[in-house]
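Observations on the three-dimensional arrangement
Here are the chains, one letter per residue:
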Amino acid sequence: MSTGAPAGYDPYAFEPFAVTVDLAVFTVRDGRLHVLLVERGEDPYKGHWALPGGFVLPRESAESAARRELAEETGLTEATASALHLEQLRTYSEPDRDPRMRVVSVAYTALVPDLPEPRGGGDAATARWWEAGAVGALAFDHDRILTDAHDRIGAKLEYTCLATAFCPAEFTLGELQQVYETVWGVELDRPNFRRKVLTTPGFVQAVAGSPRRTGGRGKPAALYRAGAATALHPPLLRPEGRST
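Residues numbered from 1 in each chain as written. Predicted model: local features only at pLDDT ≥ 70, side-chain atom pairs only at ≥ 80, totals over all residues. Heavy atoms only, no water.

Scanning the protein chain from terminus to terminus reveals 5 helices and 9 strands. Listing each helix as α and each strand as β along the protein chain from the N terminus yields β-β-β-β-α-α-β-β-β-α-α-α-β-β. Taken along the three principal axes of its C-alpha coordinates, the protein chain extends 75 × 45 × 35 Å. Of the contacts formed within the protein chain by residues at least 6 apart in sequence, a portion of 67% connects residues at least 24 apart. Surface exposure of the protein chain reaches about 13500 Å², of which carbon and sulfur atoms provide 51%. Of the charged side chains in the protein chain, 27 are positive and 32 negative; the average position of the first set lies 10 Å away from that of the second. (Helix = DSSP H or I, 4+ residues; strand = E, 2+ residues; numbered from the N terminus. Contact = heavy atoms within 4.5 Å. Areas by Shrake-Rupley, 256 points an atom, 1.4 Å probe, with all protein chains shown as cover. Lys, Arg positive; Asp, Glu negative; His and termini not counted. Charge placed at Lys NZ, Arg CZ, Asp CG, Glu CD.)

So this is what it looks like as structure tokens:
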């Protein structure tokens, strides 16, 4: 059986274009939402900050390319990059998004526990965690990708138990609330948040034994661990009009 192109098909009849991957990786550090950025070491946009990413090789899937580029441009080990849960965000295909040629990008996003300090590699001069609210203009159309990715992870906190991954193994409801407030950028009503968490099946599980004392004069705070659920039923929807 022939595996070549069908008779009459001319692959040169179509203008070639490249496929790239871009990654918006978020973490919570010191109570604030941070995003991983790289400083470009080559043109175009040399010296500008951008999301990690690069070109997909001919015999490579987009997801494999995303993990490879993440390791190469940030200095993360291949094992660390391979273990991250990457979620495909969307495809960006505007004709003039890259000055070099027609480039279509498959973007991925992830909200991960605190990772080691990154370092530059590949075509990145350096890499670092930036506070998400302090990021300036980025190269290419990465501002748009970053905004879309932030919206996506905010939505994931509404419908999944992802927030517990950013707390200690045993945590207080105040620590869990801080994760939501950090990602959503809103101030939550403490009693209402506590009620919703404790009445959502499988979200958290109480830890037996002595509670942890708070840093202030308040009563000792009860400790919890992540429950068995992965999805929230009902969802924990962010409030409107309570921006911090």
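There's plenty left to go through after this.
On to the environment of Pro235, then. Considering the arrangement of structural elements, one finds Pro235 in the segment after β9 (224-226). Residue classification places Pro235 among the partly exposed positions, given a relative accessible area of 32%. Here the alpha-carbon distance between Pro235 and Arg67, two residues 168 residues apart in the chain, equals 31 Å. Once residues lying within four places of it in the same chain are set aside, the contact partners of Pro235 are Glu158 and Tyr159. (Buried < 20%, exposed > 50% of the residue type's maximum accessible area, 1.4 Å probe, protein only.)

With that settled, the discussion passes to the nonpolar core. Counting 40 residues, the largest nonpolar core has Phe26, Leu176, Tyr180 and Phe203 as its most contacted members. Listing elements by their share of this core, those giving two or more residues are β1 (18-29), β2 (32-40), β5 (87-92), β6 (103-111), α3 (142-159), α4 (173-184) and α5 (190-198). With 6 residues, α4 is the largest single contributor of residues to this core. Not counting chain neighbours up to four residues away, the residues in contact with Leu176 comprise Ala163, Thr164, Cys167, Phe171, Phe193, Val197, Phe203 and Val204. Ranked by size, the runner-up nonpolar core spans 18 residues in total, among them Ala65, Ala71, Ala110 and Val112. (Core = buried A, V, L, I, M, F, W, Y, C linked by side-chain atoms within 4.5 Å.)

So, on to a nonpolar patch on the surface. A surface patch of nonpolar side chains, amounting to about 250 Å² of accessible area, comprises Phe17, Val19 and Met101. Along the chain, Met101 turns up in the loop between β5 and β6. (Patch = residues over 30% accessible without salt bridge, like charges linked within 9 Å, V, L, I, M, F, W, Y side chains within 5 Å. Salt bridge = Lys/Arg side-chain N within 4 Å of Asp/Glu carboxyl O.)

Take the packing of aromatic side chains next. Under the counting rule described, the total for this entry stands at 5 aromatic pairs. The interplanar angle of 65 degrees and the centroid separation of 5.6 Å between the aromatic rings of Tyr180 and Phe193 together place this pair among those described as edge-to-face. Taken together, the residues span a long stretch of sequence, with Tyr180 in helix α4 and Phe193 in helix α5 at a distance of 13 residues. Overall, Tyr180 belongs to the buried group, its relative accessible area being 0%. Ring pairing ties together the aromatic residues Tyr180, Trp184 and Phe193, which thus form one cluster. The aromatic ring of Tyr92 is capped on one face by Arg90, whose charged end is 4.5 Å from the ring centroid. The cationic tip of Arg128 hangs over the ring face of Trp130; the distance from NZ or CZ to the ring centre is 4.0 Å. (Phe/Tyr/Trp six-rings, centres within 6.5 Å; stacked < 30°, edge-to-face > 60°. Lys NZ or Arg CZ within 6 Å of the ring centre and 35° of its normal.)

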